[in-house]
Each structure stands twice: as C-alpha cells, then as structure tokens.
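If you want the building blocks of each chain, they are given just below.
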Amino acid sequence: MKKSLVKELEKRLGKSSVLIDEGDRALFSYDAAYGEKVLPDIVVFPENKDDLQFVINLMSENEIPIITRGAGTNLSGGTVPVSGGCVLVTTKMNRILEINEKDLYAVVEAGVVTKQLADKVEEYGLFYPPDPGSMNISTIGGNVAENAGGLRGLKYGVTKDYVMGVKLFDMAGNEVIGGGKTVKLVTGFNIPGLMISSEGMLGIMYEVILKLVPKPATSKSMLVEYSSVIDACNTVSEIIASKILPSTLELMDNFTINAVEESEKIGLPVKADALLLIEVDGHPAVVEDEFIMVKKICEKNKGNVKVADNNEERDKLWTARRKALSCLARLKPTLILEDATVPRSKIPDMMKAIKEIASKYNITIGTFGHAGDGNLHPTILTDKRDEDEFRRVEKAIDEIFEKALLFGGTLSGEHGVGLLKAKYMEMEVGKGTLNFMKNLKMGVDSKNLLNPHKMGL
C-alpha cells in the first residue's frame with residue numbers, strides 16, 4: 001500500500017480509523033468460517049456516506065479491491081480477502097435514522113447491529129422479525145448482503161422480505177438509490193432486490209429502509225422430547241401440512257442437546273434422540289387454537305410435550321437453542337457450520353443422510369436448525385491440523401451438498417456462498433446462470449474490484 005495513499009486516508013478518516021499494522025490487520029483476515037486467513041493490505045472505518053464515497057473513489061483510482069465487512073459473522077468466507085486489498089468496515093456507520101410508527105418502517109445505516117434495531121422498535125410496539133443467530137453483533141448491511149434468516153423465518157420470512165429501499169455507492173463512486181418508503185414502488189429496476197445476497201459484489205450500501213410489523217399480542221412456547229429424530233422430523237412435516245405456521249419450529253439432535261446441557265445446565269432431557277422447540281404467536285385466541293392443534297400433532301408422533309409456563313421458562317428454552325452453536329464450538333478446535341437446505345417434506349431424508357455420512361466418514365456431526373424452513377445446520381466438529389480427518393471432513397461436506405441438491409434443496413439457506421461454497425455453485429445453478437452473474441457483475445464493476453472471486457466470479 002503506497003504511503004501517500006495511507007496518508008490521504010488518515011487525513012480524511014483520522015488515524016484511528018485506518019489500520020496498517022500487521023497485528024491490527026490480522027484481526028480482519030478471517031471471519032466466522034473455517035477457511036484460510038488472508039491479510040488485507042489496509043483496513044478502514046468510514047463514519048458517514050461522504051467518507052465512504054471518498055474511500056471508494058480512492059480505491060477505484062488505484063485499482064485496489066474493496067472487501068466490505070460488518071461484524072465479520074459471515075459463515076462462508078464472504079468477508080475474507082483473496083489477496084490483499086482494502087477491508088472496509090461499516091460498524092461506525094451505526095445510526096438508527098428514523099422509526100416511523102405511522103408508515104411502519106425504519107431507516108438505518110448499514111452498520112446498525114440487528115438486535116439494537118429489534119430492541120429499539122419494540123419500544124414503539126413494533127417488531128423487526130429477522131433474527132439471525134448472530135443478531136447480537138451482526139449488522140443490517142451484512143444481513144442484507146447475505147439475506148440473513150433466523151429462527152422466525154417460517155412465519156415471518158427472512159431479511160429480503162423486509163428490505164424496502166437501499167442507498168449505496170457503485171465502484172465508480174456514483175450514488176445509487178433503490179426502492180423507498182412506500183409499500184408499492186416499481187420505479188426502475190428492483191435495486192433493493194439486487195442487493196439481497198449480493199455479498200458486497202455489486203455495490204457498498206450505506207443506508208437501508210426496512211419494513212416493520214406490529215408486535216404479536218402474545219406467544220406460547222413448548223419443548224417436545226422424542227426418542228427418535230425421525231419422529232421429530234415427521235412432526236415438522238405434519239404441522240406444516242396442517243397449514244399451521246409457528247413463529248419458530250427448531251430442531252436439536254441428541255449430540256447437540258448434550259453439548260448445550262453440559263455447558264449451560266438448564267435441565268434439557270439428555271437421553272432424548274431429538275427435541276423440537278416450538279412457539280406460536282399472534283392474537284390470544286389464535287395462539288390457543290394453534291397451540292392445541294400443534295400439541296396434538298406432537299403427541300400423535302410420540303412426542304412428550306412440556307409447555308413453558310412463564311417468561312422465565314420460555315427464555316430458558318430459547319437460550320438453549322441460541323447457544324447451540326457456541327456450546328458445540330467448545331468441543332473441538334475447528335467447527336464447520338453448514339446450512340444445506342431442503343424442501344420441508346425431505347427433512348427426514350436429510351437427517352437420515354447426515355447420520356449415514358457421519359458414520360461413513362467416521363466424523364462427528366451435531367445437527368440443529370430451523371426445521372420449519374427445511375434449513376438444517378449439520379455442524380462438523382474437527383481439528384484442521386489432523387490432515388487425515390480433515391480430508392474425510394471435506395468429502396463429507398461434498399456429500400452433504402450432493403444429498404441436499406438430490407432432495408431438491410440448495411447449498412445455502414442463509415449463510416451465503418462466499419469462498420467456501422463457490423466450487424459447488426455450478427452444480428446447483430448451472431453454467432448459464434454463472435455466466436449471467438459474471439456479466440451482471442462486470443457491467444457494474446468492470447475491473448472486478450468489489451469483493452472479487454466470491455461465488456467463483
């Protein structure tokens with residue numbers, strides 16, 4: 001990185017917002033995925049749109065790649081450089097600019113933390129439903145770029161269902177405005193839609209308009225214990241087939257149950273082969289009706305139902321689910337969290353396949369996830385330093401994705417493609433689609449400077 005360029009950045013952003021020391025840059029050489037670390041040449045923290053535009057123009061003039069990053073919770077290597085470049089961190093652009101109670105929307109900067117927004121809108125009796133597992137630290141810009149989901153996706157959808165508008169800069173430094181504050185808007189291309197799942201490859205967002213909904217009047221949670229994970233999967237299929245949409249419908253297998261209980265000591269049934277954590281919400285009368293119907297389906301499928309009698313018990317249930325990943329991560333040096341997703345009717349087949357793959361390759365896989373969405377998280381516990389085991393792990397991952405596609409599913413339900421799933425892209429979407437994506441990217445970023453090489457582009 002040229003000294004003159006560093007000086008320009010320090011003069012504009014301030015020295016504390018420009019990192020050039022190797023030790024500081026190393027903190028931005030990885031994200032939450034298991035891939036290789038790659039050191040950026042420089043790390044910058046713009047605080048507003050003018051600083052952002054300045055950085056983009058400077059990098060564009062010098063043909064330096066920009067890798068945009070929020071909190072770095074990405075699980076597919078999407079925010080890791082491939083070979084140097086500038087990591088642009090959005091966390092200082094973190095203001096909630098407007099919460100509109102009359103028209104039910106919020107305007108936020110890209111670096112706002114997801115939970116910060118969710119908590120703030122609750123003060124107004126409103127609800128922002130997307131709740132990715134990393135919501136305590138993940139940022140809205142990252143949620144849009146990865147189309148983050150979460151536990152409530154079954155009933156409330158994912159991030160793409162709440163993005164009404166975006167403001168961004170392209171790699172030439174042009175300001176681009178897409179969407180707006182109205183429910184209906186068909187002026188021009190659907191640019192907000194284009195930014196969904198774009199993984200920082202088409203532009204750099206600085207502001208997002210998000211739809212809000214009224215907060216549900218009440219909710220009811222239950223934990224259902226099964227002696228067979230297949231019975232739990234069949235319960236999920238039957239609940240959906242009965243046209244009931246719980247706000248959350250989560251699965252944990254025996255390995256994950258034990259990992260959580262060992263860490264948290266909250267009284268989970270460690271002998272159960274699987275648990276379902278279910279919550280219904282809405283108008284009190286509807287909640288009661290749906291609760292009775294769901295309970296009957298669970299019991300018909302040999303489930304032992306325990307109802308959360310108060311908020312403390314409810315919070316304990318959801319703590320168990322939200323801590324599944326961190327509890328599994330304690331067990332081995334390397335954790336690989338996948339999110340192969342299948343049609344909901346294929347969940348029993350996918351669970352069976354994951355068990356067979358773990359046995360075939362003699363590796364440890366704990367599985368939990370959003371069963372109501374068909375979005376399972378087979379979580380492989382390994383040690384990258386064990387070369388023999390890691391070769392088996394890589395073969396197992398290949399096979400998990402092959403099975404998911406065979407069942408009519410997808411490589412990723414909510415974690416994105418990034419670097420780690422790029423080699424599988426053609427297998428799912430075909431060469432024609434990849435060429436279309438390449439042409440689209442080259443149309444707005446002809447030198448391929450925005451997060452280059454992700455998704456294989």
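Located above this text is the structure these notes cover.
Residues numbered from 1 in each chain as written. Predicted model: local features only at pLDDT ≥ 70, side-chain atom pairs only at ≥ 80, totals over all residues. Heavy atoms only, no water.

**Student:** Help me get a handle on the pattern of salt bridges, residues and values and all.
**Tutor:** In this structure the tally under the stated criterion is 28 salt bridges. Of the charged contacts in the structure, one is a salt bridge between Arg-95 and Glu-109, with a shortest N-O distance of 2.8 Å. With Arg-95 in the loop between β4 (86-89) and β5 (96-100) and Glu-109 in strand β6 (residues 105-109), this pair connects stretches of sequence that are 14 residues apart. In this structure Arg-95 comes out as partly exposed when scored by relative accessible area, which is 47%. Look at Glu-109 and you get buried, because its relative accessible area is 6%. Of the charged contacts, one joins Lys-421 and Asp-339 as a salt bridge, the two residues approaching to 2.5 Å between their closest N and O atoms. In this pair, Lys-421 is assigned in the loop between α14 (387-406) and α15 (425-429) and Asp-339 in the loop between β16 (334-337) and α13 (347-360), connecting sequence segments 82 residues apart. (Salt bridge = Lys/Arg side-chain N within 4 Å of Asp/Glu carboxyl O. Helix = DSSP H or I, 4+ residues; strand = E, 2+ residues; numbered from the N terminus. Buried < 20%, exposed > 50% of the residue type's maximum accessible area, 1.4 Å probe, protein only.)

**Student:** Let's hear about a nonpolar patch on the surface: which residues, and what values?
**Tutor:** Taken together, the side chains of Leu-194, Phe-436 and Leu-440 define a hydrophobic patch exposed on the protein surface, amounting to about 290 Å² of accessible area. Tracing the chain through its elements places Phe-436 in helix α16 (residues 431-444). Residue classification places Phe-436 among the exposed positions, given a relative accessible area of 58%. (Patch = residues over 30% accessible without salt bridge, like charges linked within 9 Å, V, L, I, M, F, W, Y side chains within 5 Å. Areas by Shrake-Rupley, 256 points an atom, 1.4 Å probe, with all protein chains shown as cover.)

**Student:** Report on the side chain of Arg-321, specifying residues and quantitative values.
**Tutor:** The residue Arg-321 is located in helix α11 (residues 311-322) in this model. When neighbours within four sequence positions are excluded, Arg-321 is seen to be in contact with Leu-151, Glu-250, Met-252, Leu-277, Phe-368, Gly-369, His-370 and His-377. (Contact = heavy atoms within 4.5 Å.)

Geometric descriptors of this kind do not, in isolation, establish any biological role.
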